[in-house]
Amino acid sequence: MKPINDDDIRWLMEHPLEARALLLGDFCLFIRVFHFYMMRDQFILMPFHVELAKKLVAYVMGKNEKQNLYIGLSPRAGKSQLVIYFNAFAFGANPYSNFIYTSYSGDLCVKHSKKIRDIVESDLFRKIFGIRIDPSTSAANLWKIQGGGEFRSVPMGGAITGFGAGTFEDHFGGAILVDDFSEICVFDNHAE
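Residues numbered from 1 in each chain as written. Predicted model: local features only at pLDDT ≥ 70, side-chain atom pairs only at ≥ 80, totals over all residues. Heavy atoms only, no water.

Moving on, we get to the overall build of the protein chain. Along its length, the protein chain carries 7 helices and 5 strands. Each helix and strand of the protein chain, ordered N terminal to C terminal, gives the series α-α-α-α-α-β-α-α-β-β-β-β. For the protein chain, the residues scored as buried account for 43% of the 192 residues in total. Contacts in the protein chain between residues at least 24 apart in sequence constitute 69% of all its contacts with a sequence separation of at least 6. Surface exposure of the protein chain reaches about 11,300 Å², of which carbon and sulfur atoms provide 54%. (Helix = DSSP H or I, 4+ residues; strand = E, 2+ residues; numbered from the N terminus. Buried < 20%, exposed > 50% of the residue type's maximum accessible area, 1.4 Å probe, protein only. Contact = heavy atoms within 4.5 Å. Areas by Shrake-Rupley, 256 points an atom, 1.4 Å probe, with all protein chains shown as cover.)

This brings us to the packing of aromatic side chains. Taken as a whole, this structure holds 14 aromatic pairs when the rule is applied. Judged by centre distance (4.5 Å) and plane angle (40°), the rings of F125 and F129 are tilted. One end of the pair is F125 and the other is F129, both in helix α7 (residues 123-129) and 4 residues apart, which spans about a single turn. Across this residue pair, the class does not change: F125 and F129 are buried. Following the ring pairs from residue to residue traces out a cluster consisting of F27, F30, F34, F89, F125 and F129. (Phe/Tyr/Trp six-rings, centres within 6.5 Å; stacked < 30°, edge-to-face > 60°.)

Listed below in structure tokens is the structure:
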């Protein structure tokens, strides 16, 4: 697989219609392109990343067989990074998508929400997908696409009343994402 470089980015910027079709047709390429663009580094796709990417794309493209997906990988395997790119990819495919993202940590929620927002706000994403974030709702934990959907990020136990994930349409319209729970709590109900 050829590394992504500045010439590739320049071509994508100069050919937004072709770039949109290319990137929505290949989520792994989307990951590699935006990882290079945002981080100035290559994303090394391992076979499990490719398999996970197929499952995530199946949700967006309406080919999923199940409504839920559980991703169980060891820490630092790249699952959170894939979910970040998945959100941006989904907004590119359907700017009317609504997401709720939650994690055990408020700091992690804010960190990941900012990364997704930064991708969607990037010049490359705007040029290819024609999407802009509504400037009146650009908080780290809640932001909206102009004329479209929204992204709400909240730690476990936080308020999501009044917010929703998905849409009432027949196609993909968002998801609830629960990320990075590194501890399992077991409650002992025996009386002392």
